[in-house]
Amino acid sequence: MNTRHATSLVAAGAAIVMLLSGCGSTGTSNSSNASDSNIISVYGSEPAHPLFPGNTTEAGGGKVVDQLFAGLVTYDAQGGIHNEVANSITSSDNATHYVIKLKSGWKFTDGTPVTAHSFVDAWNYTANSANKQASASFFSTIEGYDDLQKPDVDPKATLSGLTVVDDNTIDVKLSQPDSAFPVKAGSHAYMPLPESAFKDPKKFGQHPVSNGPYKFVSWQHNHSIEMVKNPDYKGNRVAKNDGLNFRIYTSPDSAYADLRGGNLDFTNTIPDTALTSFQSDKSLKAYNEPGGNTLTFTIPEWLEHFGQNEEGNLRRQAISMSIDRKTIAEKIFHGTATPAVDFLAAPISAYSKELKGNEVLKYNPSKAKELWAKANAISPWSGEFGIAYNADGTAKNWVEAICNYVKNTLDIDAKSIPMSTSDEFLSNVDSGKMTSAYRSGWGPDYPSADNYLVQLYDSSSADGKGGNSGNYKNPEFDAMMDKALSAPSTEEADKYYQQGEEILLQDLPAIPLWNQNATAASTSAVSGVHRTDQEAVSNKQTALAPPLAGAVGKADWGWSQNSRPPLILLYGRAPVSGSNREHTGAL
């Protein structure tokens, strides 16, 4: 499709997708609908929320949603867009009006048809703040969005810019130009939902009815999520196996041990203890490719001494310059991560090593001490500095390393704060209850600077409506993002994105640390792992969009770096082990 103007379609990385085939699986399945010999067992983490696509912004749920649902478009490893349920997406009026034509014949796993209403009703539900969906901000440029954010909004109120013309046609009117709209259309937020989702949302979240490569079978909380191949799926990601069994782990080390012992087929989370050896382990197949995931940590502005003011900015900059990213990458990540130079990933066209102000991302202890002293002159420091993380992920070592650098450079008390599970961690992040800084990250939902910047730092994504968990708000930054979305070319849009990043480098709503590779490992029985890029890469945050789709038994396992939840990193939207959420993906 050739409807996008300004937004880059370069792939944001590689995450593991699942296109597997081969002989029997190590996993066991309770389903009578699939043969155990062709069920692939996959590392998973407990989803933070019920399985509604519009509320899935972390890797635990994102990996599952990616395999169950099919949207308007999918993405490839080069960042290209391919129609899936959409037959065409046509823009006009300077990217403020879109007409979407759907392919006929699609249906959900309950036998009901996928129609224009399936998409529009889902989008209205997600955008309406009364429904408390984490991806609401993805619809912020559609007419009527602001009305749906009012405190007393009717839960049944809809976006005035959406019109169902007929069963296969959707008319979309935007409140401002948005050239990224066709690119967003493959993200979780834009997935269709059947009528049953709205009749009983609680039941649907536990037992979703979908239209993607796989059909949901069961969810045994904190144990496993099973799905089988969907025989009626007619999209771009046809499964080459009979099903997937997401095993829920609370430790990536346990999953890796099961993999090496032949009791798990695939993991996209390599524990720190194995980073030096997983690529040389002859009993496994290892994957390590440049990716689109970013690792950061967020210092929310509601913390004392860290407001969005001169003191807060000085302290964030000082902390950032206290960190030796290169040494940590070498000692802890062992060649699977590179120091960040901006807020994007290298595959994104707006990525730049030349941004004004990027010296705050470089190790400079003397300058860090100077900036901290300036902040103390405004308001003397008191207390301790902490960074929270989920203990069931892989963040422990790098969080502790950062705290040591901060402590030794700035001569303050600094400590890591572990939370038992990603579920507990994300619940605190989502509810704005964090009383310290916290680990964060991103696995893109679609291949565009828009996904890294607008969805994470724009005011429209704050207050629980998107990935802006620190509630950063800067009108100057927002204005740059609006200009980027209105730009007539990718080159011009990238200039505005980069100017927006230079504002972020002053404020540091999140502190960029590293860009992560897409790393994974499988047993020797799994073959055909390759890069794809649904989620244009995984919450979210974060994401196996096309991931597991092509899995055949144990071979042909595809790999994609989806943002919001790619199988590999994260995410995404990813990222927290098994959870790729904006600033909290599966890291």
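Look up: the structure comes first, before these words.
Residues numbered from 1 in each chain as written. Predicted model: local features only at pLDDT ≥ 70, side-chain atom pairs only at ≥ 80, totals over all residues. Heavy atoms only, no water.

Side note on unusual backbone geometry
- A positive phi is found at aspartate 93, a non-glycine position, where the angle reads about 55 degrees.
- Along the polypeptide, aspartate 93 turns up in the loop between strand E5 (86–92) and strand E6 (97–102).
- Of note, the phi angle at histidine 305 is positive, near 80 degrees, even though the residue is not glycine.
- With respect to the secondary-structure elements, histidine 305 resides in the loop between strand E13 (284–298) and helix H7 (310–321).
- Judged by relative accessible area, which is 8%, histidine 305 ranks as buried. (Helix = DSSP H or I, 4+ residues; strand = E, 2+ residues; numbered from the N terminus. Buried < 20%, exposed > 50% of the residue type's maximum accessible area, 1.4 Å probe, protein only.)

Re the pattern of salt bridges
- One pass over the full model with this rule turns up twelve salt bridges.
- For the salt bridge of aspartate 171 with lysine 173, the shortest nitrogen-to-oxygen distance reads 2.9 Å.
- Owing to a relative accessible area of 38%, lysine 173 belongs among the partly exposed residues under this scheme.
- Lysine 184 is the salt-bridge partner of aspartate 178, the closest N and O atoms lying 2.8 Å from each other. Judged on exposure class, the residue aspartate 178 and its partner lysine 184 are both buried.
- Because the salt bridges share partners, they merge into one network encompassing Lys367, Glu370 and Lys374. (Salt bridge = Lys/Arg side-chain N within 4 Å of Asp/Glu carboxyl O.)

Here we look at the nonpolar core
- Judged by nonpolar contacts, the single largest core of 68 residues is most densely connected at Phe297, Phe385, Trp398 and Leu453.
- If one sorts the elements of this core by residue count, helix H10 (residues 396–410) sits on top with eight residues.
- Of all hydrophobic cores here, the second largest spans 65 residues; its members include Phe52, Leu72, Val114 and Leu162. (Core = buried A, V, L, I, M, F, W, Y, C linked by side-chain atoms within 4.5 Å.)

Points about the pairing of strand E18 (residues 510–523)
- Burial runs high along E18: 14 of the 14 residues are buried.
- With twelve bridges connecting them, E13 and E18 associate as antiparallel partners. From the neighbouring strand, asparagine 293 faces E18, where its bridge partner is glutamine 516.
- As defined by bridge partners, strand E14 (residues 337–339) adjoins E18 across three bridges and the pair is classed as antiparallel. (Pairing = 2+ DSSP bridges.)

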